[in-house]
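Working through the structure, step by step
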Amino acid sequence: MFPNSNLGRPPFSPALFSQQQFINTHNFRNVTLSGTILAGVVTPQSTCVWPFSNVCTTFTPALPSILGRKRRSDDQSSPYEVKRQRFQSPPSQPSGRSVPFSVEHRNSAPSPGISSMLPLVDYPQNSLKGVGDKLSEQILDLFCNCQQQTIDLERKDFCRTQIQREIQRIFPQTRLYLVGSSLNGFGTRYSDADLCLVLKEVPMNQRSEACHILGLIQQLFYRLSYIDRPQLIRAKVPIVKFRDKVSGVEFDLNVNNIVGIRNTFLLRSYASTESRVRPLVLVVKKWARYHGINDASRGTLNSYSLVLMVLHYLQTLPEPVIPSLQKDYPECFEPTMQLQFVHRRGSNISPYSSLNNSNLGDLLLGFLRYYATEFNWNNSIISVREAKVIPKTNEKEWKNKYICVEEPFDRTNTARAVHDKCKFDTIKKEFVQSWHKLKEKRDLFSILPEAAASECRRR
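Residues numbered from 1 in each chain as written. Predicted model: local features only at pLDDT ≥ 70, side-chain atom pairs only at ≥ 80, totals over all residues. Heavy atoms only, no water.

**Brief notes about the nonpolar core**
Nonpolar side chains tend to gather and get buried jointly when the protein is soluble and globular. Just so we agree on the cut-off: We define the nonpolar core as a collection of buried residues of types Ala, Val, Leu, Ile, Met, Phe, Trp, Tyr and Cys that are connected through side-chain atoms lying within 4.5 Å of one another. Working definition: with a 1.4 Å probe on protein chains only, accessible area under 20% of the residue-type maximum means buried, over 50% means exposed, and in between means partly exposed. In this text, helices come from DSSP runs of H or I with a minimum length of four residues, and strands from runs of E with a minimum of two, each type numbered from the N-terminal end. Throughout, a residue-residue contact means that at least one pair of heavy atoms, one from each residue, lies within 4.5 Å.
If you look at the biggest cluster of nonpolar residues, it comprises 67 residues, and the most contacted ones within it are Met-309, Leu-311, Leu-314, Phe-367, Tyr-371 and Ile-403. Secondary-structure elements contributing two or more residues to this core are α5 (134-146), α9 (258-273), α10 (277-290), α11 (303-315), α14 (360-374), α15 (421-441) and α16 (450-453). It is α11 that provides the largest number of residues to this core, a total of 9 residues. Once residues lying within four places of it in the same chain are set aside, the contact partners of Ile-403 are Leu-301, Trp-377, Asn-413, Ala-415, Val-418, Phe-424 and Ile-427. By size, the runner-up hydrophobic cluster in this structure holds 42 residues, among which are Leu-153, Leu-220, Phe-221 and Val-240.

**Describing the pairing of strand β7 (residues 250-255)**
Heads up, the condition is: Paired strands, in this sense, are two strands between which DSSP finds at least two bridges.
Burial runs high along β7: 5 of the 6 residues are buried. Here 5 bridges tie strand β4 (residues 193-198) to β7, and the two strands are oriented parallel to one another. Following the sheet pairing, Asp-194 is matched in β7 by Asp-252. When strand β6 (residues 239-244) meets β7, the two strands line up antiparallel, connected through 4 bridges. Bridge assignment links Phe-242 to a residue of β7, and that residue is Phe-251.

**Remarks on the sheet that holds β6**
Strand pairing in a sheet takes place through backbone hydrogen bonds and is either antiparallel or parallel in direction. Rules: Note on method: axes are straight lines fitted to C-alpha atoms, helices fitted across the in-contact stretch only, with angles between N-to-C directions ranging 0 to 180 degrees.
Taken together, 5 strands build an open sheet; the order of strands is β3-β4-β7-β6-β5 and the sheet is mixed. The open sheet has two free edges, formed respectively by β3 (175-179) and β5 (227-233), since each of these has just one partner strand. Across the sheet, the mean angle separating the axes of adjacent strands is 25 degrees when strand polarity is ignored. Seen against the sheet, helix α8 (residues 206-222) touches β4, β5, β6 and β7 and runs at an angle of roughly 165 degrees to β5. Packing of α9 onto the sheet brings it into contact with β3 and β4, and relative to β3 it is tilted by some 45 degrees.

**A closer look at the packing of α10 against α11**
Put simply, the test is: Throughout this description, any angle smaller than 35 degrees is read as roughly parallel, any larger than 145 degrees as roughly antiparallel, any in the 65 to 115 degree range as roughly perpendicular, and the remainder as oblique. Note on convention: the crossing is left-handed when the near helix lies turned anticlockwise from the far helix by less than a right angle, right-handed when the turn is clockwise. All amino acids are sorted into three groups, where Ala, Val, Leu, Ile, Met, Phe, Trp, Tyr, Cys and Pro are nonpolar, Asp, Glu, Lys and Arg are charged, and the leftover types, Gly among them, are polar.
As a packed pair, α10 and α11 sit with axes 10 Å apart at the nearest point and diverge in direction by 135 degrees. Comparing the axis directions of α10 and α11 gives the class oblique. In this structure, α10 meets α11 at a crossing whose hand is right-handed. Counting all contacts with α10, which are made through Val-277, Leu-280, Val-281, Val-284, Lys-285 and Ala-288, the residues of α11 involved are Ser-303, Leu-306, Val-307, Val-310, Leu-311 and Leu-314. Residue composition of the contact of α10 with α11, by class: 10 nonpolar, 1 polar and 1 charged.

Dropping the structure here:
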């Protein structure tokens with residue numbers, strides 16, 4: 001199904017290692033003692049052709065036992081000494097507004113599902129801009145300047161391929177998925193990238209197993225010359241944060257957070273269903289970031305919650321812009337579906353023909369008004385799965401929570417980071433103030449200064 005990074009290993013299997021095998025793996029030296037780990041991992045000589053350049057680098061990999069000790073200066077054969085060649089500068093923004101999302105992979109193994117994912121919608125100008133509507137024009141201009149380009153996705157996916165190859169020296173038959181905004185259609189040119197390492201398609205204890213595995217990966221990353229500042233963050237879903245020196249992209253890598261893979265393809269399906277979704281989501285994320293309410297580490301909303309809030313608003317209009325895809329196509333989003341089939345099912349989804357003809361400006365104004373004046377924060381849960389508001393219950397997940405946004409697959413609260421009333425009040429205040437300003441001036445720059453809106457163009 002998926003190519004395996006030219007390593008000659010068998011295809012991905014959902015049953016890989018037992019829990020005890022992971023816990024017993026105390027360090028890299030112990031890992032290399034296993035014949036299962038070493039079998040077929042390295043070849044006497046490997047040739048790697050880096051994309052975006054004409055450089056061909058040949059090296060002879062050393063056995064992974066080098067990971068259990070410091071690298072000596074005479075370890076000339078170590079694969080970790082090879083530096084990735086720098087990419088060319090990205091091309092300038094094309095003059096046309098519609099940017100294709102298709103990816104042509106030349107020398108790297110594609111991320112699982114990229115080649116057969118739903119294509120994202122091109123933009124018929126008349127339906128999006130709104131005749132003579134300044135605000136809609138500004139939103140569309142912002143989107144066209146800031147949306148992720150094909151080459152941006154290629155860079156991220158190429159880095160994923162290289163890192164997957166290194167991780168498979170320790171954990172064979174694992175798969176590394178690109179997830180989040182980089183793949184779901186709502187990313188910008190300079191957004192960070194999320195990675196999910198899948199070792200087994202069953203729940204994993206994130207406090208013990210996942211942290212232990214990420215600790216091993218962090219040690220591996222210290223050995224890779226093209227990775228900078230690997231840092232283990234012990235959150236509810238622990239991650240290793242690092243920077244790819246070649247592309248400059250910041251990455252967050254988690255282990256077995258399977259729901260992130262499923263919701264990536266769900267959001268991409270929404271992005272491809274109706275052409276107004278992506279521009280509206282992008283401008284809302286830029287607005288929230290500028291006003292300081294899009295940072296879960298500081299007790300405000302994460303980007304995923306903001307996207308779900310936009311989708312929920314579009315679903316609950318008197319004439320909906322989008323439907324509930326999980327209701328209309330339950331077979332495409334079965335929560336227990338094996339991962340190798342997740343990206344395939346999207347091909348069964350048809351574009352949605354909405355009778356709502358609102359332009360982008362009206363939709364942005366309505367979004368702000370909905371959460372400023374109409375939505376009942378005290379008693380309501382935002383549900384994209386149901387395409388409606390559902391009442392709060394006394395369950396632990398929802399009780400005494402300021403903002404409740406239902407995760408469409410595991411039904412947890414994606415906005416649980418908002419646990420301080422002052423932060424909650426700040427979020428509500430920004431909705432109210434921005435709604436009043438935008439209603440009065442119908443100018444995007446009244447709520448998102450031009451300098452912030454044109455950041456992608458400058459960079």
